[in-house]
Amino acid sequence: MGKWKIAQQEELSCWLLNSEKINHPKYLEWKRQYWQKMLARLDLSTPPWPELNALEVGCGPSGIFLLLPDNAMTTNFTILDPLLKNYRQAFPSYFNRCPEVSVPLESWSEVGTDEYDLIFAINCIDHTLDIQTFLEKLHKLVKLNGRVILAVNTHKRSWTEKVWQRFQRFLEPHHPYHFTAASYQNLFSRWFTVSQMVEIEDLIIWINQQSTKLDEATKEHSTLRHRVRGVLRYGKPANFFLGMLALFGLPAHDFDGKGNSIYAHQLFELRPKPTNVEYEHVSNNA
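Residues numbered from 1 in each chain as written. Predicted model: local features only at pLDDT ≥ 70, side-chain atom pairs only at ≥ 80, totals over all residues. Heavy atoms only, no water.

## Some points on the packing of aromatic side chains
Tallied over the full model, the rule gives nine aromatic pairs. Seen in terms of ring centroids, Tyr177 and Phe179 are 6.4 Å apart; in terms of plane orientation they differ by 25°. Their pairing is stacked. With respect to class, Tyr177 is no different from Phe179; both count as buried. Taken together, the ring pairs in this structure connect Tyr177, Phe179, Tyr184, Phe188 and Phe268 into an aromatic cluster. Positioned above the aromatic ring of Trp206 is the side chain of Lys37, whose terminal nitrogen or guanidinium carbon lies 5.0 Å from the ring centre. (Phe/Tyr/Trp six-rings, centres within 6.5 Å; stacked < 30°, edge-to-face > 60°. Buried < 20%, exposed > 50% of the residue type's maximum accessible area, 1.4 Å probe, protein only. Lys NZ or Arg CZ within 6 Å of the ring centre and 35° of its normal.)

As structure tokens, then:
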């Protein structure tokens, strides 16, 4: 099985494992607050698209589209995710807000060039089918004076970047691509200029802390079946390795506020270049 298919299966499994929590009204409230806080970091209004043609790529079941009105269809905002049909079935109340496309961005052909003023690509570039084709397609779809808002986990150290690239299938099968912020900027440089880069690790920690409060509040998380599924998913050798790193002071995320984590969540605002230019290619093992 290819890395992309593994990544998609792992992504879907993660959401479904927490389906009751995600369907909880409190989760919806907190997720909307999270998106508002994130957009504010780039001085974007919420919602930022009343007069814009916008696209959300890799939206998942609770993306930025949740900020749209839930009592009317918004036609100038489109969501795209290859797992949308699965998400619609598991989280039906979150949809019917805007047009939906259930294919990978790389193979989406029913759209022209220069279509969108604003494109969101949040936490999806690191498990795409092909990262260069993904960026090329973003460049094709966004207007010359438009913006791409992209967020992704970045490695804070070059040595963990190299280790994760080498052992990606073992360490994180759901994320085929692993880069530092500098490496990502290098990748973007063929198609885009980075107008802003903002670390949002604190927002990731905040939403995780809020959603964790629902673990015990939802009965699903107290059932034997759920606990067994959790052990099967999270009790893997890779998670044991990550746990050991955390014991030695190198956790995946900075939950203690000490700044010593493996990752830092970065938010990029990208502006399309008029034409492609030569760039230094970043190698990867995806």
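Structure shown, so let's carry the discussion forward.
## A few points about helix 3 (residues 25-41)
Its 17 residues give helix 3 an end-to-end C-alpha distance of 25 Å, which sits within 8% of 24 Å, the value for a rise of 1.5 Å per residue. Every buried residue belonging to helix 3 is among Tyr27, Leu28, Trp30, Lys31, Tyr34, Trp35, Met38 and Leu39, and all of these are buried. Contact partners of the buried residues in helix 3: helix 1 (3-17), helix 2 (19-22), strand 4 (116-122), helix 9 (201-212) and strand 7 (263-272). Phi turns positive, to about 55°, at Asp43, one or two residues after helix 3. (Helix = DSSP H or I, 4+ residues; strand = E, 2+ residues; numbered from the N terminus. Expected span 1.5 Å × (residues − 1). Contact = heavy atoms within 4.5 Å.)

## Examining the sheet that holds strand 5 (residues 142-155)
The mixed open sheet is built from seven strands, whose spatial order is 3-2-1-4-5-7-6. Edge positions in the sheet fall to strand 3 (100-101) and strand 6 (192-199), since each has one partner strand and no second. The pairing of strand 1 (residues 54-57) with strand 2 (residues 77-80) spans four bridges and is parallel. Across the sheet, residue Glu56 finds its bridge partner in strand 2, namely Ile79. (Pairing = 2+ DSSP bridges.)

## Regarding the side chain of Asp81
Topologically, Asp81 is positioned in the loop between strand 2 and helix 4 (84-90). For Asp81, which is buried and forms no salt bridge, the nearest opposite charge comes from Lys31, at a distance of 11 Å. In terms of polar contacts, Asp81 uses its side chain to reach the backbone amide nitrogen of Gly60, at 2.9 Å. (Lys, Arg positive; Asp, Glu negative; His and termini not counted. Salt bridge = Lys/Arg side-chain N within 4 Å of Asp/Glu carboxyl O. Polar contact = N/O pair within 3.5 Å; in protein donor to acceptor, adjacent residues only side chain to side chain.)

## A few points about the pattern of salt bridges
Note on pairing: side chains with opposite charge can pair once their charged atoms come close. Tallied over the full model, the rule gives six salt bridges. Where Asp70 meets Arg32, a salt bridge forms, and the shortest distance between an N and an O atom there is 3.7 Å. A residue pair is termed long-range when its members are at least 10 positions apart, and Asp70 in the loop between strand 1 and strand 2 and Arg32 in helix 3 qualify at 38 residues. Residue classification places Arg32 among the partly exposed residues on the basis of a relative accessible area of 23%. Residue Asp117 pairs with Lys143 through a salt bridge whose shortest N-O separation is 3.3 Å. Note that Asp117 is positioned in strand 4 and Lys143 in strand 5, a separation of 26 residues in sequence.

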